[in-house]
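Coordinates in review
If you want the building blocks of each chain, they are given just below.
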Amino acid sequence: MAALKHRRTALERVEKFLSEIYFTDCNLRGRLFGDRCPPVSLSFFQTPRRIPYDEAVGQEFRPAKVGDSFGPTWETCWFKVELSIPQAWAGREVHFVWESDGEGMVWRDGQPVQGLTKEGEKTSYILTSSLKESEPHSLTLYVELACNGLFGAGKGSMIAPPDPDRRFTLSKAELVIFNRDVYELLVDLEILLDMAQLLGEENQRSFQALYTANQMVNMCDVTDPSTFPAARDLAAAIFSQRNGESQHTIHAVGHCHIDSAWLWPYEETIRKCARSWVTVVRLMERNPELTFACSQAQQFEWVRTWYPGLYTQIQEFVAKEQFIPVGGTWVEMDGNLPSGESMVRQFLQGQLFFQEQFGRICSEFWLPDTFGYSAQLPQLMRGCGIRRFLTQKLSWNLVNTFPHHTFFWEGIDGSRVLTHFPPGDSYGMHGRVEEMLKTVKNNKDKGRVNHSALLFGFGDGGGGPTQKMLDRMKRMSDTDGLPRVQISTPDRLFSVLEKESSQLCTWVGELFLELHNGTYTTQAQIKKGNRECERILHDVEVLSTLAMARGGMFQYPASQLQQLWRLLLLNQFHDVLPGSCIQLVVEDALQYYTEIRRVGARLQEEAVQSLCRELLQPKAGSTKSTLVLNTLPWERTEVISRTGPAGTETLGTSNAGLW
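Residues numbered from 1 in each chain as written. Predicted model: local features only at pLDDT ≥ 70, side-chain atom pairs only at ≥ 80, totals over all residues. Heavy atoms only, no water.

**Regarding the side chain of Q572**
Mapped onto the elements, Q572 comes out in the loop between α15 (558-571) and α16 (583-611). At 3.0 Å, the side chain of Q572 forms a polar contact with the side chain of N530. Here E534 takes part through its side chain, which lies 3.3 Å from a polar atom of the side chain of Q572. Excluding its chain neighbours within four sequence positions, the residues that come into contact with Q572 are V331, M333, D334, P338, S342, Q346, N530, E534 and L577. (Helix = DSSP H or I, 4+ residues; strand = E, 2+ residues; numbered from the N terminus. Polar contact = N/O pair within 3.5 Å; in protein donor to acceptor, adjacent residues only side chain to side chain. Contact = heavy atoms within 4.5 Å.)

Here's what the structure looks like:
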């Protein structure tokens with residue numbers, strides 16, 4: 001006989017059955033892992049440098065143990081972990097579990113294989129899904145641990161200056177049996193519990209989810225896994241009840257926004273890319289439906305240079321259209337401070353890289369996190385082969401809520417691009433029921449379009465998607481009461497939006513962010529350096545072109561200019577040029593400007609010597625003269641200075657015409 005159920009009591013019963021805090025000695029969560037086995041040996045080597053694997057493994061390692069602390073901030077610890085899997089674990093799924101502060105990466109047979117970070121919910125590396133006798137039971141792994149977190153090492157708060165004396169503790173290092181059947185049941189119950197809580201008491205689907213979850217708890221004996229399949233069948237019956245045709249469709253795309261520098265220096269970003277992307281590759285091997293949108297050609301170039309084995313794997317998944325280059329720019333740059341020419345070079349260098357490396361250019365501009373968007377951008381996008389734009393930063397506005405999520409953005413010359421802001425107002429979703437419901441509820445263009453994006457994965461400091469995010473969304477693919485959720489691509493999303501675009505509104509002019517206003521005045525040396533280096537590279541290109549056109553032996557310095565431009569474009573990243581970064585990054589940026597000035601001055605001198613060699617030759621009886629070159633496309637009169645023999649400075653005017 002059915003008994004009357006009290007809603008709050010039933011909800012709490014399911015919550016405690018899943019809890020990571022309460023009753024783990026007898027609830028389902030406490031059965032996620034089976035037997036455990038410590039490493040045979042654990043040792044470490046510490047260095048202040050970020051060194052390659054081959055150099056690290058040749059160092060002298062000292063004994064270490066769980067509970068030890070390492071540091072200080074920005075140090076790197078390499079751990080050698082010798083493991084022996086018990087023979088009795090045959091047929092079981094075996095994980096290597098590593099929990100520590102800081103960001104880790106597992107190396108196996110000389111290659112990176114898995115990123116590890118508690119902040120990014122990645123604390124295990126799957127050694128085997130079903131241990132076979134033929135598989136090696138003894139193996140050696142190396143863990144490279146960066147003494148900084150996903151968000152740097154701020155003292156007291158995330159965006160505070162780094163704490164130079166922070167210590168990083170190793171809290172767990174062991175082999176475990178992973179009970180996959182428990183995990184799947186936990187995910188089922190988590191989704192049902194969220195539906196029960198979030199759909200509300202006025203929604204009968206909420207009660208269906210709650211009563212099903214309660215019945216599953218009744219059926220489960222946590223000590224007897226044979227009771228689990230019947231409970232899972234109950235959940236499957238709920239998840240298989242389909243939506244109507246009018247339901248909103250969410251296009252879920254894996255994502256991992258990595259700031260090229262922010263609360264950590266450029267060098268650490270290189271490792272963040274490797275840790276995040278190798279984890280994505282592992283996920284793609286187990287989930288062929290997973291797609292992952294990845295921007296910033298600079299970051300691809302870093303991985304290509306420092307992790308060639310990983311880069312080869314990425315190229316394979318790009319060919320399968322799972323690992324998807326997007327954005328078309330060298331970095332995700334600031335949207336206002338760079339000159340128009342620099343904006344063009346961002347697209348030029350980015351699109352050239354993607355064409356050369358992957359045989360394609362990007363059709364969408366991807367800039368989710370910059371601090372406002374110049375009205376010239378639609379014109380520049382269209383000129384670079386891009387007709388689509390994705391961002392979300394305007395959801396951070398302090399006063400005025402932006403009125404659209406899907407619309408046409410029109411620039412100063414009338415150029416238009418189809419623009420989409422993910423209605424969940426984030427580029428780092430976790431695949432939860434709450435986020436799906438918010439995406440539908442928050443959409444400001446209901447009735448005009450019935451599709452939207454959801455970008456899932458830990459971001460800003462890297463991390464990326466997790467298996468659990470994917471497994472949550474699989475259960476929500478077409479479940480009555482929730483929006484449809486499909487793993488998709490940016491191209492599929494925008495293609496559907498283009499078909500639905502007849503009723504879309506148009507926004508004309510600048511997209512102004514009502515936040516971070518001080519970033520246009522702070523760190524003046526960075527802004528000065530950017531403008532000076534833009535001018536230097538312009539002048540070198542003009543003079544080198546004229547020198548080459550004049551004939552002779554002069555060779556245009558194309559490769560050197562590309563290197564200098566790429567350094568400058570890197571410094572235009574949206575947390576560097578605005579100055580919203582830590583001191584280490586400022587120092588790196590100023591050093592790069594110094595390098596551009598030094599090499600630029602030499603290239604300019606070589607071009608002038610070739611272009612004006614006759615004018616520069618001293619003539620008998622002539623007085624000392626000054627050569628003035630005008631590198632701008634209009635006549636100008638300027639005040640110039642000249643140092644005399646005694647070291648005194650003389651000022652004068654010069655009328656410079658056109659070449």
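**Structural notes on a nonpolar patch on the surface**
Taken together, the side chains of I21, Y22 and F23 make up a nonpolar region of the molecular surface, amounting to roughly 370 Å² of accessible area. Structurally, Y22 can be placed in the loop between α1 (7-18) and β1 (33-37). (Patch = residues over 30% accessible without salt bridge, like charges linked within 9 Å, V, L, I, M, F, W, Y side chains within 5 Å. Areas by Shrake-Rupley, 256 points an atom, 1.4 Å probe, with all protein chains shown as cover. Salt bridge = Lys/Arg side-chain N within 4 Å of Asp/Glu carboxyl O.)

**Overview of α1**
Between its first and last C-alpha atoms α1 spans 17 Å; for 12 residues at 1.5 Å apiece the expected length is 16 Å, and the two agree. Every buried residue of α1 is accounted for by R7, A10, L11, V14, F17 and L18. Projected down its long axis, α1 shows its buried positions confined to an angular sector of 125°, all on one face. Buried residues along α1 sit against α3 (180-198) and α4 (204-219). (Expected span 1.5 Å × (residues − 1). Buried < 20%, exposed > 50% of the residue type's maximum accessible area, 1.4 Å probe, protein only. Arc of directions from axis to C-beta.)

**Some remarks on the packing of α15 against α16**
Viewed as axis vectors pointing N to C, α15 and α16 meet at an angle of 155°, and their least axial separation amounts to 10 Å. Compared by their axis directions, α15 and α16 come out roughly antiparallel. The way α15 lies across α16 gives a crossing that is left-handed. Between α15 and α16, the residues in contact are Q560, L564, L567, L568, L570 and N571 and A589, Y592, Y593, E595, I596, V599, G600, R602 and L603, respectively. Grouping the constituent residues of the contact of α15 with α16 by class yields 10 nonpolar, three polar and two charged. (Axes fitted to C-alpha atoms, helices over the stretch in contact; angles between N-to-C directions. Parallel < 35°, antiparallel > 145°, perpendicular 65-115°, else oblique. Left-handed = near helix turned anticlockwise from the far one by under 90°. Nonpolar A, V, L, I, M, F, W, Y, C, P; charged D, E, K, R; others polar.)

**Notes on the UniProt feature "domain: Glycoside hydrolase family 38 central" (unreviewed entry) in the protein**
UniProt records the feature "domain: Glycoside hydrolase family 38 central" (unreviewed entry) at residues 514-593, using the numbering of this structure. Secondary structure content for residues 514-593 is 64% helix and 0% strand, and the end C-alpha separation is 30 Å. (UniProt positions renumbered as here; feature names shortened; annotations may be inferred.)

**Things to note about the packing of aromatic side chains**
In total, this model carries 37 aromatic pairs according to the counting rule given. Look at F207 and Y211: their rings are 6.0 Å apart centre to centre, the planes differ by 65°, and that puts the pair in the edge-to-face class. A residue pair is termed a helical-turn pair when its members lie 3 or 4 positions apart in one helix, as F207 and Y211 do in helix α4 at four residues. A relative accessible area of 24% means that F207 is categorised as partly exposed. Taking 5.3 Å as the distance between ring centres and 90° as the angle between the ring planes, the aromatic pair formed by F407 and F421 counts as edge-to-face. Residue F407 is found in strand β17 (residues 406-410), and its partner F421 is found in the loop between β18 (416-420) and α11 (433-442); the two are separated by 14 residues along the sequence. Relative accessible area serves as the criterion here: at 0%, F407 is assigned to the buried category. The rings of W277, F292, F300, Y311, F323, W330, F353, F354 and F358 are connected pair by pair, giving a single aromatic cluster. The side chain of K272 reaches across the aromatic face of W264, ending 4.3 Å from its centre. Directly above the aromatic system of F408 lies the positively charged group of R416, at a separation of 4.2 Å from the ring centroid. (Phe/Tyr/Trp six-rings, centres within 6.5 Å; stacked < 30°, edge-to-face > 60°. Lys NZ or Arg CZ within 6 Å of the ring centre and 35° of its normal.)

**Describing the sheet that holds strand β5 (residues 76-84)**
The six strands lie next to each other as β3-β2-β5-β10-β7-β8, forming an open sheet whose pairing is antiparallel. The two strands at the open ends of the sheet, each matched to only one other strand, are β3 (62-63) and β8 (111-116). In the sheet, β5 pairs with strand β10 (residues 138-146) via nine bridges, with the strands oriented antiparallel. Within β10, the position partnered with C77 by the bridge is L145. Along the sheet face, helix α6 (residues 266-286) touches β5, β7 (103-108), β8 and β10 and points at about 90° away from the line of β8. (Pairing = 2+ DSSP bridges.)

**Some words on the environment of N336**
By the secondary structure assignment, N336 is in the loop between β14 (323-325) and α9 (340-358). Using a relative accessible area of 28% as the deciding quantity, one classes N336 as partly exposed. A sequence separation of 95 residues divides N336 from Q241, and the C-alpha atoms of the two residues are 48 Å apart. Apart from the residues lying within four places of it in its own chain, the contact partners of N336 are M343, F371, G372, Y373, S374, E510 and Y520.

**A look at the sheet that holds strand β15 (residues 364-366)**
Strand order in the open sheet formed by five strands is β15-β16-β18-β17-β21, with mixed pairing between adjacent strands. For this open sheet the edge positions go to β15 and β21 (506-508), each flanked by a neighbour on one side alone. With strand direction ignored, the average angle separating the axes of adjacent strands in the sheet is 30°.

**Details of the packing of α3 against helix α5 (residues 228-239)**
Two elements in contact, α3 and α5, have axes whose closest approach is 10 Å; the angle formed by their N-to-C orientations is 40°. Here α3 is positioned oblique relative to α5, judged by the angle of their axes. The chirality of how α3 crosses α5 is left-handed. When α3 is examined against α5, the residues D181, V182, E184, L185, D188, I191, L192 and M195 are found in contact with a partner set consisting of F228, A231, R232, A235, I238 and F239. Grouping the constituent residues of the contact of α3 with α5 by class yields 10 nonpolar, no polar and four charged.

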